[in-house]
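# Descriptive structure summary
Residues per chain, in single letters:
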Amino acid sequence: MRSTYDKIFEGNKKWVSDTLERDPTFFENLSRGQKPPILWIGCSDSRVPANEITGTLPGEIFVHRNIANMVIHTDMSMLSVLDYSVNILEVTDIIVCGHYGCGGVLAAMDNKPLGIVENWLRHIKDVYRLHQRELDEIKNEELRANRLVELNVIEQVYDLTKSSIVQNAWLNKKKLAVHGLVYDVKNGILNDLHATVNDSSELPKYYLVDKK
Ligand code: CO
């Protein structure tokens, strides 16, 4: 039996010819550079590919993915992507997209030893602790996990707004909105959590950066 790896070059050839059939100048146009208006911070989960589920094309979304779509203030990879997309690409919207059934969130609710990844999942456990009263009241385990997925997205939206990169963009009057979305792997639907933040007015004062 052929492995998935054996099929990727064939799949690529077909994609190139289909794409050129639709738009003969597609690759020529994209080769000039990118100006995506959206930064997407999503989960590494193979079932949640940013372009496919949003019906967008290459060139439209700048993407960063990690386990459970986390925004960790010491993560140089995330910070570099954030800084580049806000200050060089000048995206106008940042999306944090979580998904129900997230293995990272489920593992964070459990106590199994998992090695290195435990350090990453501890940030999700911190989100649980922040919202423990609400979460502990949800007796159904799947519903409790779903709610933690949502709360985790909202906390990551909040973490983005705390960052000096986003705050400086707002101080410099850049139009920049940070959104929280959740994707349902059971039906393919993307839902808005209505957690959008457009400025720093909702942040406690001790998080704010003063203008130089
Ligand atoms: Co996930």
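Residues numbered from 1 in each chain as written. Predicted model: local features only at pLDDT ≥ 70, side-chain atom pairs only at ≥ 80, totals over all residues. Heavy atoms only, no water.

## Thoughts on the packing of helix α6 (residues 117-130) against helix α8 (residues 141-162)
Contact pair α6 / α8: the axes reach a minimum separation of 10 Å and the direction vectors enclose 100 degrees. Between α6 and α8, the angle is such that the two are roughly perpendicular. Contact with α6, carried on its side by Ile124, Val127, Tyr128 and Leu130, involves Arg144, Leu148, Leu151, Asn152, Glu155 and Gln156 of α8 and no other residues of that element. Residues belonging to the contact of α6 with α8 are distributed by class as follows: six nonpolar, two polar and two charged. (Axes fitted to C-alpha atoms, helices over the stretch in contact; angles between N-to-C directions. Helix = DSSP H or I, 4+ residues; strand = E, 2+ residues; numbered from the N terminus. Parallel < 35°, antiparallel > 145°, perpendicular 65-115°, else oblique. Contact = heavy atoms within 4.5 Å. Nonpolar A, V, L, I, M, F, W, Y, C, P; charged D, E, K, R; others polar.)

## Thoughts on the coordination of the cobalt ion
At the metal site, the cobalt ion is ligated by Cys43 (SG), His99 (NE2) and Cys102 (SG), and these contacts range over 2.1 to 2.3 Å. Sequence spacing of the donors to the cobalt ion: C-x55-H-x2-C. Taken together, the residues span a long stretch of sequence, with Cys43 in strand β1 (residues 38-43) and His99 in strand β3 (residues 93-99) at a distance of 56 residues. Classification of His99 by relative accessible area gives buried; the value is 0%. (Donors = N, O, S within 2.8 Å, 3.2 Å for Na, K, Ca; no water. Buried < 20%, exposed > 50% of the residue type's maximum accessible area, 1.4 Å probe, protein only.)

## Things to note about the packing of helix α4 (residues 76-88) against helix α9 (residues 164-171)
Between α4 and α9, the least distance of the axes is 9 Å, while the angle of their chain directions is 15 degrees. Considering their axes alone, α4 and α9 lie roughly parallel with respect to each other. Of the two elements, α4 crosses α9, and the hand of that crossing is right-handed. Facing α4, whose interface residues are Leu79, Leu82, Asp83, Val86 and Asn87, α9 presents Ile165, Val166 and Ala169. For the contact of α4 with α9, a count of residues per class yields six nonpolar, one polar and one charged. (Left-handed = near helix turned anticlockwise from the far one by under 90°.)

## Remarks on a nonpolar patch on the surface
The grouping of Tyr5, Ile8 and Phe9 at the surface amounts to a nonpolar patch, some 350 Å² of accessible area in total. Tracing the chain through its elements places Tyr5 in helix α1 (residues 4-22). The exposure class of Tyr5 is exposed, given its relative accessible area of 54%. (Patch = residues over 30% accessible without salt bridge, like charges linked within 9 Å, V, L, I, M, F, W, Y side chains within 5 Å. Areas by Shrake-Rupley, 256 points an atom, 1.4 Å probe, with all protein chains shown as cover. Salt bridge = Lys/Arg side-chain N within 4 Å of Asp/Glu carboxyl O.)

## Quick word on the environment of Phe62
Mapped onto the fold, Phe62 is located in strand β2 (residues 61-66). Note: C-alpha distance between Phe62 and Asn51 (eleven residues apart in sequence) is 9.8 Å. Among residues more than four places away in sequence, those in contact with Phe62 are Gln34, Pro36, Ile38, Leu39, Trp40, Val81, Tyr84, Ser85 and Leu89.

## A few points about the sheet that holds β3
What the five strands build is an open sheet, ordered β2-β1-β3-β4-β5; its pairing is mixed. Where the open sheet ends on each side, the last strands, each with one partner, are β2 and β5 (190-192). Direction aside, neighbouring strands of the sheet carry axes that sit 25 degrees apart on average. Strands β1, β2 and β3 of the sheet are contacted by α4, whose axis makes an angle of about 170 degrees with β2. (Pairing = 2+ DSSP bridges.)

## A few points about the domain arrangement of the protein chain
One can read the domain layout of the protein chain as domain 1 (1-32) and domain 2 (34-207). The gap between the C-alpha centroids of domain 1 and domain 2 is 30 Å. (Domains from an automatic or database assignment.)

## Overview of the nonpolar core
With 41 residues, the main nonpolar core has Leu39, Leu82, Ile94, Ile124, Leu160 and Leu176 as its most contacted residues. Those residues in contact with Ile124 that lie beyond four places of it in its chain are Ala68, Met70, Gly104, Val105, Ala108, Leu148 and Asn152. If you look at the next biggest cluster of nonpolar residues, it comprises nine residues, including Ala50, Ile53, Ile95 and Leu181. (Core = buried A, V, L, I, M, F, W, Y, C linked by side-chain atoms within 4.5 Å.)

## Some points on α9
Residues Ile165, Val166, Gln167, Ala169 and Trp170 constitute the buried set of α9. Buried residues belonging to α9 abut α4, β3, α8 and β4 (177-183). One or two residues past the end of α9 sits Lys173, with phi positive at roughly 60 degrees.

## Section: the environment of Ile41
Checked against the element boundaries, Ile41 lands in strand β1. Overall, Ile41 belongs to the buried group, its relative accessible area being 1%. With 133 residues separating them along the chain, Ile41 and Lys174 place their C-alpha atoms 20 Å apart. Ile41 has contacts with His64, Asn69, Met70, Val71, Ile94, Ile95, Val96, Cys97 and Leu160, leaving out every residue within four places of it along the chain.

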